[in-house]
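# Chain and residue survey
Residue strings, one per chain:
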Amino acid sequence: MRPLTEEETRVMFEKIVKYIRENLQLLLDRPDRTYCFWLYNDRVDYVSEKIVKLDASISRDKLVSLGTSLNYLAPYAKYKVWIKRGAEQSFLYGNHVLKYSLGRITENSSQYQGVVVYSMADIPLGFGVAAKSTQDCRKVDPMAIVVLHQADIGEYAQHEEMLT
């Protein structure tokens, strides 16, 4: 576990901006605590400095993850997609979102825009890229892909055998 290098930080911010745009500053200047980005097992975790200090007492072979990103990033997302309940499991197993699974989409989302995928109960499920704009989603075939899967909260379960 280590802090990000300058180059890694630049690349990470370029990716985050695709999802939260100008709200990046709100993520960085938090009033509650100081948070930072740490690299652990080829993953970047968004974690409070307090947790980083506590981490020293846990052996590396027992530590699966240090922090989280989705629950902190999702509220700042500018573009969002909500999927129907029946499609949640499919998305959490790494599948793209099809038009018939789409519950709602943020107005004026453009094609290839980074989006946060939510359940209809407003629970953030993961990240994706809009395969179609909001306007195109209204007129495409029900079997058309509207969101390309990028990452989700089910990845731990998908790769559990590698983590143990």
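Calculation rules
Residues numbered from 1 in each chain as written. Predicted model: local features only at pLDDT ≥ 70, side-chain atom pairs only at ≥ 80, totals over all residues. Heavy atoms only, no water. UniProt positions renumbered as here; feature names shortened; annotations may be inferred. Salt bridge = Lys/Arg side-chain N within 4 Å of Asp/Glu carboxyl O. Helix = DSSP H or I, 4+ residues; strand = E, 2+ residues; numbered from the N terminus. Buried < 20%, exposed > 50% of the residue type's maximum accessible area, 1.4 Å probe, protein only. Pairing = 2+ DSSP bridges. Contact = heavy atoms within 4.5 Å. Axes fitted to C-alpha atoms, helices over the stretch in contact; angles between N-to-C directions.

- As annotated in an unreviewed UniProt entry, the chain carries the name 60S ribosome subunit biogenesis protein NIP7 homolog and is attributed to Gorilla gorilla gorilla.
- The chain has a UniProt comment under Function (unreviewed entry) that states "Required for proper 34S pre-rRNA processing and 60S ribosome subunit assembly."
- On record in UniProt, under Subcellular location (unreviewed entry), the comment for the chain is "Nucleus, Nucleolus".

### Brief notes about the pattern of salt bridges
- Tallying each qualifying case throughout the model produces six salt bridges.
- The salt bridge involving Arg-10 is made with Glu-14; its shortest N-O contact spans 2.5 Å. Here Glu-14 and Arg-10 lie together in helix α1 (residues 6-20), a separation of four residues that amounts to about one turn.
- Judged by relative accessible area, Glu-14 falls into the partly exposed class, the value being 44%.
- Its salt-bridge partner being Arg-138, residue Glu-107 comes within 2.7 Å of it at the nearest N-O pair. Taken as a pair, Glu-107 in the loop between β6 (102-105) and β7 (114-119) and Arg-138 in the loop between α6 (134-137) and β9 (145-152) lie far apart in primary sequence, 31 residues in all.
- Several salt bridges share partner residues, and in doing so they unite Glu-7, Arg-10 and Glu-14 into one network.

### Considering the sheet that holds strand β5 (residues 97-98)
- What the six strands build is an open sheet, ordered β5-β9-β8-β7-β4-β6; its pairing is mixed. This sheet does not close on itself; its edge strands, each paired only once, are β5 and β6.
- Relative to β9, β5 runs antiparallel, the two being bridged by two bridges. For Val-97, the partnering residue across the bridge sits in β9 and is Val-147.
- Those strands touched by helix α5 (residues 85-92) are β4 (80-83), β5, β7, β8 (124-130) and β9, and its axis lies near 80 degrees from that of β8.

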